[in-house]
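Now for the letters of each chain:
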Amino acid sequence: MVKVLALLGSPRAHGTNSLVVEEVLRGAAAGSEVEVEKVWLNRGKLTPCQACESCFKTGRCRLQDDMEPIYTSIVAADAVILAAPIYFSGMSAQAKIMIDRCQPFWAAKYIMKSAAFAGKRRPGLFIATGGQPLYEGQFIGSEHVASLFFKMIGVKNIGSLTLPDLDARPLSERPADLEQAFELGKLLTQPI
């Protein structure tokens with residue numbers, strides 16, 4: 001059984017971003033038995049990181065909110081999907097708040113010299129969707145942030161699926177993109 005954690009950063013529960021995630025999950029389930037946990041980041045109460053550095057001493061965040069179960073899910077996952085729409089060339093605030101709140105993982109690794117994810121080899125996939133036609137650099141910042149996030153949580157980034165121009169060309173008219181999502185989903189359950 002492969003535990004797949006899908007961190008959904010869209011404010012729209014049934015928007016394009018979540019439809020792409022569903023196709024990825026369908027691909028993951030095609031080749032393996034999977035247990036899926038979806039975390040709708042917009043539904044939680046997540047306070048932005050306060051840069052208090054409390055986690056530098058304890059390895060834990062001092063803020064008590066809906067991030068606590070997300071930390072537990074991140075540690076327990078065998079594979080991770082991070083999905084977010086792109087606004088002003090960056091990932092949604094919902095996704096970025098969650099990522100910033102993962103500072104305790106960074107502190108544990110680099111300040112406390114703890115190996116929370118030592119020996120774990122887990123695949124991760126970043127999904128980004130945008131309404132605008134493709135332009136230079138549209139996804140690059142978000143892909144970089146996603147790669148650093150995966151590094152901090154002991155996940156090997158196996159790729160990104162970036163889909164621009166969804167306002168003019170909806171997902172229903174893009175079978176090749178849906179097939180790519182399905183195929184990437186199959187990779188989530190393969191050993192790395």
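Here's what I pulled together on the structure shown here. (Residues numbered from 1 in each chain as written. Predicted model: local features only at pLDDT ≥ 70, side-chain atom pairs only at ≥ 80, totals over all residues. Heavy atoms only, no water.)

Focus on the packing of aromatic side chains
Turning to step 1, where the next piece is worked out: In the structure shown here, the tally under the stated rule is five aromatic pairs.
Turning to step 2, where the next piece is worked out: Centre to centre, the rings of tryptophan 106 and tyrosine 110 are 5.7 Å apart; their planes meet at 40 degrees, and the pair counts as tilted. Placement of the pair is tryptophan 106 and tyrosine 110 together in helix H5 (residues 103-111), with a separation of four residues, close to one helical turn.
Turning to step 3, where the next piece is worked out: Pairing phenylalanine 149 with phenylalanine 150 gives two aromatic rings, centres 5.8 Å apart and planes at 35 degrees, and the pair type is tilted. Residues phenylalanine 149 and phenylalanine 150 agree in their burial class; the two are buried. (Phe/Tyr/Trp six-rings, centres within 6.5 Å; stacked < 30°, edge-to-face > 60°. Helix = DSSP H or I, 4+ residues; strand = E, 2+ residues; numbered from the N terminus. Buried < 20%, exposed > 50% of the residue type's maximum accessible area, 1.4 Å probe, protein only.)

What to know about the nonpolar core
Turning to step 1, where the next piece is worked out: Core analysis: the largest hydrophobic core is formed by 31 residues, its most contacted members being Leu7, Ile70, Ile74, Leu82, Met98, Phe149 and Ile153.
Turning to step 2, where the next piece is worked out: Within the residue set of this core, elements represented by two or more residues are strand E1 (2-8), helix H3 (67-76), strand E3 (79-87), helix H4 (93-100), strand E5 (122-129) and helix H6 (140-152).
Turning to step 3, where the next piece is worked out: When sequence neighbours within four positions are dropped, the list of residues in contact with isoleucine 153 reads Ile74, Val80, Phe105, Phe117 and Arg122.
Turning to step 4, where the next piece is worked out: One finds Ala6, Ala79, Ile127 and Leu166 within the second-largest nonpolar core, a separate group that totals 23 residues. (Core = buried A, V, L, I, M, F, W, Y, C linked by side-chain atoms within 4.5 Å. Contact = heavy atoms within 4.5 Å.)

Some remarks on a nonpolar patch on the surface
Turning to step 1, where the next piece is worked out: A cluster of nonpolar side chains, namely Tyr110, Ile111 and Met112, defines an oily patch on the protein surface of about 240 Å² accessible area.
Turning to step 2, where the next piece is worked out: Here isoleucine 111 is to be found in helix H5. (Patch = residues over 30% accessible without salt bridge, like charges linked within 9 Å, V, L, I, M, F, W, Y side chains within 5 Å. Areas by Shrake-Rupley, 256 points an atom, 1.4 Å probe, with all protein chains shown as cover. Salt bridge = Lys/Arg side-chain N within 4 Å of Asp/Glu carboxyl O.)

Here we look at unusual backbone geometry
Turning to step 1, where the next piece is worked out: Even without being a glycine, lysine 113 presents a positive backbone phi close to 60 degrees.
Turning to step 2, where the next piece is worked out: Unusually for a residue other than glycine, aspartate 165 sits at a positive phi of about 65 degrees.
Turning to step 3, where the next piece is worked out: Here aspartate 165 is to be found in the loop between strand E6 (155-163) and helix H7 (175-187).

Some thoughts on the environment of valine 145
Turning to step 1, where the next piece is worked out: Looking at the element boundaries, valine 145 is found in helix H6.
Turning to step 2, where the next piece is worked out: For valine 145, a relative accessible area of 23% puts it in the partly exposed group.
Turning to step 3, where the next piece is worked out: Along the chain, valine 145 and serine 114 lie 31 residues apart, while their C-alpha atoms are 22 Å from each other.

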